[in-house]
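Reading the structure
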Amino acid sequence: MNVFLVAQVFSQSIAASMEIYLVNNKLESFLKATIDFMENVDKLFEIFNSSRRPTSKIFYKPFKKTKEQEDHLKYMQYFFYKFNYY
């Protein structure tokens, strides 16, 4: 499995492109949930792949248990738990 390709699909740039199409009525409104999911997965990837390189992306900074980082991890844990249909 190539995680790099998955990260590209669930990227902020793809979500932003879809958002533009949505605003211009080129996509159905129910796809807003998909766009939100893609943005949240992108943030999750950023947390898991944090870097020491200077960046303005809050989730890409080194993991230091900031409120934003912890809140997003808890949200995603709840999200995946909520949709676990086993």
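Read on for an overview of the structure. (Residues numbered from 1 in each chain as written. Predicted model: local features only at pLDDT ≥ 70, side-chain atom pairs only at ≥ 80, totals over all residues. Heavy atoms only, no water.)

**Topic: the overall build of the protein**
Looking only at helices and strands, the protein features 4 helices and 0 strands. Written out in order from the N terminus, the α and β elements of the protein read α-α-α-α. Counting only C-alpha atoms and orienting by the principal axes, one finds that the protein spans roughly 40 × 35 × 30 Å. Taking all 86 residues of the protein together, the buried fraction comes to 21%. For the protein, long-range pairs separated by at least 24 residues make up 41% of all intrachain contacts whose partners lie at least 6 apart in sequence. As displayed, the protein has an accessible area near 6900 Å², and 60% of this comes from carbon and sulfur atoms. Across the protein, the mean location of the 12 positive side-chain charges is 7 Å away from that of the 9 negative side-chain charges. (Helix = DSSP H or I, 4+ residues; strand = E, 2+ residues; numbered from the N terminus. Buried < 20%, exposed > 50% of the residue type's maximum accessible area, 1.4 Å probe, protein only. Contact = heavy atoms within 4.5 Å. Areas by Shrake-Rupley, 256 points an atom, 1.4 Å probe, with all protein chains shown as cover. Lys, Arg positive; Asp, Glu negative; His and termini not counted. Charge placed at Lys NZ, Arg CZ, Asp CG, Glu CD.)

**Remarks on helix H4 (residues 67-82)**
The terminal C-alpha atoms of H4 lie 22 Å apart, and with 16 residues this matches the ideal 22 Å at 1.5 Å per residue to within 8%. Among all positions in H4, only Gln69, His72 and Met76 are buried. All buried residues of H4 fall inside an arc of 70 degrees around its axis, so they share one side. Along H4, exposed side chains directed more than 90 degrees from the buried face belong to Lys67, Lys74, Gln77 and Tyr81. Packing partners of the buried residues in H4 comprise helix H3 (32-48). (Expected span 1.5 Å × (residues − 1). Arc of directions from axis to C-beta.)

**A look at the nonpolar core**
Ala15, Met18, Leu22, Ile35 and Met38 form the largest nonpolar core, which has 5 residues in total. Elements that contribute at least two residues to this core include exactly helix H2 (12-23) and H3. A per-element tally of this core places H2 first, with 3 residues. If sequence neighbours within four positions are ignored, Leu22 has contacts with Leu27, Glu28, Ser29, Lys32 and Ile35. (Core = buried A, V, L, I, M, F, W, Y, C linked by side-chain atoms within 4.5 Å.)

**Focus on unusual backbone geometry**
Located in the positive-phi region is Asn25, a residue other than glycine, with phi close to 60 degrees. Take Asn25: it is sitting in the loop between H2 and H3. Its identity as a non-glycine residue notwithstanding, Lys65 has a phi of 55 degrees, on the positive side.

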